[in-house]
Structures are given as C-alpha cells and as structure tokens.
Amino acid sequence: MKQSFTILVISLLFLLLQNSSFSQKNAETFAISGKVVDEKTKEILIGASITFPEIKKTVRSNAIGNYYIKVPKGNYNVKVSYSGYTKAVFPVQVTKAETFILEIVEKVSELEEVEVTTELLDKNISDVKMGLTKLNIKTLKKLPAFMGEVDVIRSIMLLPGVTTVGEGATGFNVRGGGIDQNLVLMDEAPIFNSSHLMGLFSVFNPDAVKDLSLYRGGVPAQYGGRASSVLDIKLKDANAKKFGIQGGIGIVASRLIIEAPIIKDKLSFFVAGRGSFSDFLFNYSPNKNIRDTKANFYDVTTKIEAKISEKDRLFFTGYRGKDIFKLASDSLAVSEINSSSTIFDWQTTSGTLKYNHFFNKSFSANLSAVSSLYEANIINPEGSNAFKLNSGILYNSLKMDFFLEFPNNRIDFGAAAIKYTISPGSLNPTAKEPEINGVYLRKENGIELAGFINDEIELGKNITLMAGLRYSYFQANGPAEVAQYQGNNPSDSILITGYKTYNKGERIANFGGLEPRIALRVGLNENTSIKLSYNKMRQYIQIISNTTAALPTARWKISDVYTKPQISDQISLGIFKNLKNNTYEFSGEVYYKTIENITDYKDGANLLLLKTPENSIVQGTGEAYGAEIMVKKSTGFFTGWASYTYSQILLTMNRDSTQTINNGIAYPANFNKPHSLNLVTSFQLDKRNNISFNYTFSEGRPITYPVDKYFVGGIYVPNYINRNQNKIPNYSRVDFAFTIEPDEKSKKRWKSSWAFNVYNLLSKRNAYSIFFKTKNNNIVQFYNRANTYRLSVFGSAIPSITYNFKF
Amino acid sequence: MNINILKKTVISITVIWLLGSCVDSFDAGLNTNIKKLVVDGEITNKPGPYRVTLQQSSPFGSKDFSPPPFNAIVIISDNLGNTETLTDLGFGVFETKATQGVIGRTYTLEVRIGDKKIYKSTPQIIKKPIPIDKIYTEYIPFKEGSNVYIGGEFHVFLDAIDPSTNGDYYRWNYTNFDQIDYCLKIRSNGDSGPIAIQYRCCETCWEVNPCLGCIYLGSDQYQNGKKINKQFIGKFPYNSILPVFLQIEQKSITKDNYFYWKEIDSQINNSGGIFDTPPANIQGNIYNITDPNDQVLGFFTASGVSTIPYRVIRRVEGIQPAILGVIDFRNQATCSPCVEGLYRTRNKPAGF
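Everything quoted here is computed from the prediction, not taken from an experiment.

Across its full length, chain B holds 2 helices and 22 strands. Across the 352 residues of chain B, 39% fall into the buried class.

We now examine the overall build of chain A. Assigned secondary structure in chain A consists of 6 helices and 52 strands. Taken over 807 residues, chain A has a buried fraction of 50%. Considering only contacts within chain A whose residues lie at least 6 apart along the sequence, 66% involve residues at least 24 apart.

Here the focus is the sheet that holds strand 7 (residues 98–104) of chain A. Residue and element names in this part refer to chain A. Pairing is mixed in the open sheet, where 3 strands are placed in the order 4-1-7. The sheet terminates laterally at strand 4 (66–72) and strand 7, the two strands that pair on one side only. Pairs of neighbouring strands in the sheet enclose a mean axial angle of 30 degrees, with direction left out of account.

Moving on to the environment of F325(A). Take F325(A): it is sitting in strand 21 (residues 312–328). Residues F325(A) and K73(A), spaced 252 residues apart in sequence, show a C-alpha to C-alpha distance of 66 Å.

Moving on to the confidence of the model for chain A. All names here are of chain A. Residue-level pLDDT values for chain A average 84, and 89% of them are 70 or greater. Contacts from residues 329–338, a stretch scored under 50 in pLDDT, to residues over four places away or in other chains number 31 contacts. Counting contacts from residues 778–782, a segment whose pLDDT is below 50, to residues more than four positions away or on other chains yields 7 contacts.

Strand pairing in a sheet relies on backbone hydrogen bonds. The paired strands run either parallel or antiparallel. Residue and element names in this part refer to chain A. Here 5 strands make up an open sheet; going across it, the order is 8-15-16-11-12 and the pairing mixed. Strand pairing shows two members of the sheet lacking a second neighbour, strand 8 (132–136) and strand 12 (189–190), which therefore form its edges. Taken together, the 5 bridges between strand 8 and strand 15 (residues 209–215) define a ladder with antiparallel strand orientation. From the neighbouring strand, L135 faces strand 15, where its bridge partner is L212.

Okay, the confidence of the model for chain B next. Residue and element names in this part refer to chain B. Taken residue by residue, chain B gives an average pLDDT of 82. The fraction at 70 or more is 83%. Across residues 1–19, where pLDDT falls below 50, the model places 63 contacts with residues more than four positions away in sequence or in other chains. Across the interface, the model reports ipTM at 0.83; the global pTM reads 0.82.

All right, on to unusual backbone geometry then. Along the chain, G478(A) connects to P479(A) via a cis peptide bond; the corresponding omega equals 10 degrees. The topology assignment puts P479(A) in the loop between strand 28 (463–477) and strand 29 (480–485). The peptide bond linking G48(B) to P49(B) adopts the cis configuration, its omega dihedral lying at 0 degrees. Along the polypeptide, P49(B) turns up in the loop between strand 2 (37–44) and strand 3 (51–56). A positive phi angle, close to 60 degrees, is found at D265(A), a residue other than glycine. Looking at where D265(A) falls in the secondary structure, it is placed in the loop between strand 18 (253–263) and strand 19 (267–276). Overall, D265(A) belongs to the exposed group, with 10 C-beta atoms counted inside 10 Å.

Before going further, it helps to examine the environment of E614(A). Take E614(A): it is sitting in the loop between strand 36 (584–601) and strand 37 (617–633). Sequence separation of E614(A) and E54(A) is 560 residues, and the distance between their C-alpha atoms is 64 Å.

Here we come to the nonpolar core. Note on soluble globular proteins: their nonpolar side chains tend to be buried together. Counting residues in hydrophobic clusters, the biggest one holds 121 residues, and the most contacted among them are V152(A), I156(A), M186(A), V209(A), L231(A) and I233(A). If near-sequence neighbours (up to four positions away) are discounted, V152(A) is found in contact with L140(A), S202(A), F204(A), V209(A), L212(A) and I233(A). Counting residues in hydrophobic clusters, the runner-up holds 63 residues, among them I715(A), L54(B), W206(B) and F300(B).

Here we come to the pairing of strand 5 (residues 72–78) of chain B. All names here are of chain B. Both strand 5 and strand 9 (residues 106–113) contribute to a ladder of 7 bridges, which runs antiparallel. Directly across from I76, in strand 9, lies its bridge partner L109. Looking at chain direction, strand 5 and strand 6 (residues 83–85) are connected through 3 bridges and run antiparallel. Counterpart to S77 in the pairing with strand 6 is T83. In this antiparallel pair of consecutive strands, strand 5 and strand 6, the connection spans 4 residues, and G81 shows a positive phi of 95 degrees.

In this section: the environment of K751(A). Looking at the secondary structure, you find K751(A) in strand 49 (residues 751–759). Each residue touching K751(A), except ones within four places of it in the same chain, is listed here: P742(A), S746(A), F805(A) and K806(A).

This brings us to helix 2 (residues 255–268) of chain B. Residues and elements named next belong to chain B. Between the first and last C-alpha of helix 2 there are 20 Å, a value that for 14 residues agrees with the 20 Å anticipated at 1.5 Å per step. With 10 of 14 residues buried, helix 2 lies mostly within the body of the structure. Considered for burial, the residues of helix 2 that qualify are N257, Y258, Y260, W261, K262, E263, I264, S266, Q267 and I268.

The next thing to look at is the pairing of strand 52 (residues 798–806) of chain A. Remember that side chains alternate between the two faces of the sheet whenever the strand is regular. Residues and elements named next belong to chain A. One ladder, built from 4 bridges, connects strand 17 (residues 244–249) with strand 52; its direction is antiparallel. Directly across from Q246, in strand 52, lies its bridge partner K806. Here strand 49 pairs with strand 52 via 9 bridges, running antiparallel. Within strand 52, the position partnered with S752 by the bridge is F805.

Conventions and cut-offs
- Residues numbered from 1 in each chain as written.
- Chains lettered and ligands numbered in written order.
- Predicted model: local features only at pLDDT ≥ 70, side-chain atom pairs only at ≥ 80, totals over all residues.
- Helix = DSSP H or I, 4+ residues; strand = E, 2+ residues; numbered from the N terminus.
- Buried ≥ 20, exposed ≤ 12 C-beta atoms within 10 Å, placed from the backbone.
- Contact = placed C-beta atoms within 7 Å.
- Pairing = 2+ DSSP bridges.
- Axes fitted to C-alpha atoms, helices over the stretch in contact; angles between N-to-C directions.
- pLDDT = per-residue confidence, 0-100.
- Core = buried A, V, L, I, M, F, W, Y, C linked by C-beta atoms within 7 Å.
- Expected span 1.5 Å × (residues − 1).

Printed below as a string of structure tokens:
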C-alpha cells in the first residue's frame, strides 16, 4: 500500500516537472514583493489575497505578512482582498523589481461583502493544503455563543471532522483522535488543557485572538508531537498606534483589553483580562450544595511587540489562566471523605519569546523560546486529613524556523528541541499532625528533538506539491525507578520482580523516526481541484485516563519502556470546487488513518497516584476512516456553511492474552459519533444588525449498557459485559444569535455593541448520558426494578446577553 | 479516603449545576435474557452459621425474579483440609452447621450444579480483625432553606488505628435495632382516601434493619499505620428522643474483596456525568473451573470482624425532634404478635 503510494507520488512528480518546464516561457519578469497591512493600525494581514487579474495570477501574504510574485513588465490593476476588509484595487506599473505596501481599509459591515472566513476567495482550490480550516475572530463573534462567551473550541466543533464526547467535556476530537492528540498552540505555546469550567468554555480570550487554523490532515512538517491535529491560534498583533480600551460584560465573564504604544511605531503592547463571577449564579440554585459551591476562572493574555529595526522584530506573549472550584462538604457525603470542603483547581502559565529577522525579501527567520506550565490540584483544606494532591506538566522549547520565498517555491525549514517534565502526582499531607502519609511519584523527564523541511512548489500552473519531512527523536531520561516484570509482562503489579534505578540524565528508553508530510494539488480547471495528502505523525506524551472524558486533572505520561509513542498514518483525498465566481465553495474529503499504540484503560482501572500505570492501561491500534463534505457561501446577505461528516474510530486492544480490552475485539472509542451534521447561517440585515442560526446534529456516543442485574450483599448490581456496544440517543440543537454592531459613523468615542444569544433555542432535552441505577431501600429487593435514567445537561433554552464597548 | 469518588462528585455536581440540568427516566430497551449464576457467601471469625445464597441474574429492566438453580451442592473447605457440605434451606439459601471460621486460615467455596458444572472461588483468608477505637455522634442541623423537614440528623463516626502492616482493607457496616410499639399496619382505601390502622405489639419487639446498600470502604494505601479518622458509618434523623441501637462492624477484608466492592460502589453511584468512570464488567472471585466463558457473578467473602454495640443518644439541648409524616390511626385494643424473622426479633440485641 505504502509502496504503491510512493510510486504514485514519484510518477506524478515527473509528470508535473515536465509540465512546469512548459509554463516557464515568459521572458522579462520582475519580482514584486511587499506587505498587506491595515490602513489604520498598520497591522500585518496574513493570508490576504493579491491578484494580478491581467495575468490571472494570485498570491497571498504569508505567515509574516509578506507577499512575493514574479510578473511580466506591464500595467496591472492589483486586487487585494481580505476577510473583514473592503476590497481594494491598486493600479501598478511594473518596470522593475519593486516593493509595494498595500494598505487596505477595515470594512464596516458592507451588505454585500460579509465573509465567513479569512481565506482567499479561491483559496480552497488554489492552496495545496487540505483538511485545513481557518477562521478569524470576526467570524467567531457572529456565531451564536453559549452564555454569550465567544469561544474558539466551541466554534471549531461546527467544522467537519471535529467531535466531542459531550457538552462540557474537556477538549475535542479530530478524525478519531483522542483529546491529547491535538496540538493546541497559542502563539506557539502548547496549551495542555484548553478548558475553563471543566469544558464549558475555552481558555482563549476572544478579544486577544486574531485567527485560528485547524489542520485535520495534511499537517505541514513544522508542526509535530501530536498524532491527530493542530489547532494553531494566533493572537492579535500588539501594534497599537494610540491608547484604546475595549471590553464586554456578560453573564458568565467580563472582559477588558487595553492596548497602547510605549514608543510610537517601535514598541506597543496589549493586556487582555477576563474574569468570571459565576458564584453569583450559584446563589440562585435551588440546591443547597450548589449554593455553597464556588467556581471561578480568570485569564490574562498579554503581548508586547518591539520593532527593533526594519529587519528585526521581537515579540513576547504571556498567558496565565486559572480555574478554582470550592465545594461544601455536604456534597461529598456519599464519598467517604472526611473533609469540610474541597478545592479543585487548575492553571496554565505560558510565555513565548519570538525573534523575527528578515535577511532579505525572500529569506527570513524566526527564533522562538517557549515555556508552558500546566498544573492541577485537588485540595482538602481542613482537618487532620488535609492534603494537597498536585500534578502537572512543564514544556520548554527552543525552535528555529527559516522561510525562503520564491514565486513558485516556498521553503520552511528548521529545528526544535523540547524538554518535558511531568509531575504525575503527589499527595502532600498539609495538616500539622497529618493522619495520611504522603505519596510522591517521581517526575518523568523526556527530551524531544526534531528537524524539518517543508517545500511548497508550484510545479506548473495547475499543480502544487507540498513535500515535507520531519525527523523526531525522543528520549526518556532518569532519574527514575522502572519496574521489572516476570516474563517482561507489565499487565499486573503482582508480576513485579524489582525496580531498576536510573540516574539523573540516564537514558531509560528512546524512540524516533521520520514523519513524511506530503500533499499534492492538481487543478482540473479554474474552479476545481483535486488534492491528495499523506502524513505520518509521532506523539511522545499522552494522557492516560479512566473516565469517559478526560478530567482537567488527568495524568500525562511520557513514552517509556512500557508506554510506546503513538504513531499515526493518514491518507486523504479531496475534491474542491467553487461555483458562481467563488460565491459557493464545495469540498469533499475522504480519509483513512491508523494509529499505533493508542492507549485505553482496563476495566476497573484506577490511575490516581499509581506508581506503575502500565498495569492499568493497554496499548493497541486505532483505525479511523471517514468522509467530510462541506458547502460554504462566503459573501452576500446570507452567508454560512453546511457540513456533513461520516467517521468511524475503532480500537483494538489485543497486545497479548493478558492485555486485552473487550476480549481483544474491536470496539468504538468513547467519542465515536459516525454521523454528524452542522448548519451555520448568518444574515446581515443591514450595516449594524446580524442574525444567525446554527443547527447541530450528531449520532449518540457509544456507551456500555448492562446485560443483566444481580443481587449481592443487599445490593442490586447491574452487570456490564462488552465495552461501548450501545449508543446514547442522537443529539440535535438549534442556536440563535442577534448582534448589533456599533454605529461606526458616530462621532462619539464610546462605541457599544450588543449580542443576544439563545443556546438550545428549541429547549431540546438532549441526552448527555444514559446511566443505570438500582434502588437500594432498606427492604428486600428481589423484586425491585432497576432504573435507567437520561441526564440532560441543557434541559432548556439558555438565553444570554453581552454588552461590548470600545473606547 | 477515596479521592476518586471525590473527584467524580465534585465534577458531576459542578457540571450539573451549571447547566440547570435534569435527569429523567429513559427506556433503553434492554431485553436480554441471559441467566448467570450469582453466588453471595461469607465466612467470618464470628460464630456461624454462615450462609451462602445462590441465585440467577435477571434481565436488567425487569421486575422478574430469576429462581435459584436447583440441584446445587455447596461446600466450604479450608486450607487444613476441613470441608463441610452446607445444608440446603430452600430458595437458594445454604447454611453451615459445624464450620467455625478461624483467623489466618484460607477458605474456598465450591458449588456443584448437576453433574457437569463445578464452580470454585479463589482461596480467601480470614484476616486478623482490627479493634474499633472509638465511636461518636455529631448532630448536624439542616440549614435554612433546605427542602427537608426542620431539625437535623445524627451522623455516626468511627475512629480506629491502622496497624503498621501494609495492605489493610476495611469495610464498615451496621445493623440498626429499633424497638417498635406497633407490630402491624393495615392500609385500606377509605371513602376519603387511603387510611392506615396500626396495631400495637403484644410483646417487646425489635426491628432489625441491616444497612442494605451501604458500602463504606477503607484502605491504608495512603494512611498506613495512621489513625483512621472520622470514618462515616451512618446517619439517623432526629425524629424521636429514643436512642438508636446499632451493632457496628469493622471488617478486615481481602484486597480482592475491597476492589470488588469499590467498583460496585463506583458503578451504583454513577451520576451519569462524562467524568464518571464508565461502568464495566466486575469480576468476582468465583469461576467455572471447566468453562472460562461461563461468567459467574458475586463473591465469596472471608473477613475478620470487630463488632461494637453503640447507642445513638438523640437529645439536643433546646431543639425538639421533628416528627415525620402523618400519625396513623392506632388501635390500642387489639395487639399483633412480634414474629421472629430476618427483620424482627423478640430478643433484646446483645450488648444493650
């Protein structure tokens, strides 16, 4: 299979190279380069399209805002378009190589030109990448928002190929991948838990976000370390020309962002803060335990940009977000915990320092240093059983990126070094005279090194190839004590024969290999293209969890002697077609993916504070396949998209006879929802008013139903046999949003806007889960009926209102 | 200390609050009819007789009661070669006559059904019982605004000292003895709605309420050699000034038994949240020795038990007990006898 695929690629390459030699026939061409920037703020616009209609050539500004094109001598009317901006035409006379800074004006809701994405109008057919969706924050702000909070993660759930275990679950699943298989980057810093309030909101402050790119397949070689997807979130530029304040007041959280120049045109910053006051909402609950509950979060995002010279820039991004839950003791009465209250918290602290240097028009480099720390705690604050149970993961990296830009060829190459330090958990007694013993699991250390090159070549007018290669190497290092097992079988702690001690820095295990990333685009005509991609990705850290959706406190684990790295291979094929002058976009993709060493927990496994987690997990293979179809309308009074996804992910856990799940027979993963449909619609009523609806349907997630029940020790117990063989009912929901934009013509400095949202407009009582209870009254219960219940978390429509202001 | 359940509870509650969620009944259409053997037996260091109950599992959604298997022979043997074939009391209940559990010995249960099916438990040891240090009560008043009746409840706690050996597992339980005045209650539908008439007891009568469905477990995993502090045993409403009589048991159980009950506890307390550990098959300690695919449910438990009688004094300075419900019509003239049985006794419980 793989071999024949390679042959196919090589022969296609040949074909294309020949083809391209024919197309290189124009004699005198000149290199035109420059930037596309916002006229007012001078903010660099990434992914703007620059069209030379006279020669039917279009380029787009790259990741650092530059464009570069070779055109023959002549007069051109250069068209520039970018989502949220007025289309502009620049008359240009080309007689020599020249630089043009193209300034375009931000649009204030022009009726006919409301766009859904930042993408170039024909980007979906002209770009070699597939499985990629870009959304900018302007689009997100028009989507109906849950409880008024514009949310990055909730928005991507509306895209094809993205699912979740359930509303309120942490993270998201892409094309059959687990939540730990998504590389979530915020200005290059990985975010290990993207959720506030468990999973109801995400940690990204919408005021600070500029745009997001989600790669479901065809991941370029500069990204690595995760097996399924990349969600790359870019924060807005800190290049304010004057002092400004923006903010918003919502029912869950309130926001404020301040931006200002420190030295004009040289040094600017922004600080965005967000805090919840949901305690106030708890007070209205009819349940006393809930009224005594406290739940809050905050986050602060900051960015500083220094323009050292025309060729050198320095950026710093800082983020800190924290969630705290405090629960009253009564709520824990069932849990045998002898405590008066419990605190549960988690926090992310990250920083990115990036240095950007332009050697010349076509060569630039980035050097970035990233540190990201995720910590989660469970705290019992009082009494002799007081404790603090903490765990975390620290990521430090250095990355060097080079960009070479030629008209028909763009090369990225570089290298990265990452150090992981995982604290799997320690139980610290905090009482003066503790009645519990401390448990301190050793930190896990690992180093990942990677080198990559990615070349995007236009092999001809209609053919583009992205050939990328990444090599990654991982080494788990001491200090550590690794359990040794009888017959090298780690299935049970009973088989432990001893522990092998490794000193600091000593190698415990190492892994590595090539990760080819190849994509090919063949344009059939101006409006249609076919794309093919293959990629291999290696993942050296993973979450091990025994719950349906991983907890914020779920344990991260590096690859070591018994836990092998996850390796995914994905091949996808797609057709992309635009109709009616790019007004309608159509895309259809199919994919097939295998994941080696995917991890799942054994029945009844407990992973908390476990010194040898290898006893409780099994690694096996995952097989995922599916089809994604999307139709999108990007301009006009009505905009929106419809997407349908068919997907399957089956896990086979059958390492050997002692290490199986579901008796070694393939079973669907917890988040396997084969059919899903999303409809997103937006109506621009006039310059200020916008109405939008969205509809979501998905098949119910898999669940294990009991087969029978039995009576033991005075209790009726449901008996479950095979994992995930049943399904909860299907899910559907309609949301509504009405936004009123500020009057841009108004002379007042204070500008305000409103957003009204209704989540679950039709009050649909969707099942969040089905669970089984057996009554246990103090009576003889042979004849007692066991009951099945449905839990719906959003039992009714949830309206919300948000007030936003700008000063 | 059970941090897992803590986690689960914390999160379920939070998620459920946030969303104003609701739980309703659901028909999952479960209609399987596979009957499996269920064995529920126990041996302790306390004097017998010890009982073993055989049943069959029943379809999950049904009210049907699957009759016990017929033609069964139940044998308990120990590691010294002593065996006893239990007496069949009918309805799947088997009882020992001679066997006395001894601390430190291991016991095996064998069940033969017909000629072909032989089931055996793994050997279970009777561990040394660990003494109960102290039992005490705390009065917890209901806070204002709760939808429960006025008053409060008495929470009973236990303290003990975990020995310095690793791997001690506990299960706590109680039996509640209530002296009752009325031995018979007859309900009938009168013209103005249902009425109940209660008949007084002819003699002193005690109601025996085993704490069915109580699973209080402990492990010294994080507390080896320390004090087991304020272990919750049960709660009793302040609806009378009569004391509550309890027979409190602290069982030293095997590791297998601890994890068996821990999983059951986790599954029957599932709140339906996605942060719950999904339910899965719970393997007991009894196997079909010839056919590994024949699943057997239940557990044969051996444990060392410490027992303490305890009296919950229900008096709080300045607070009157809240009387629950409606007082039914009481017939003082006719009396009803106290019938000796599993849940009633004429004999004053030992220790009081």
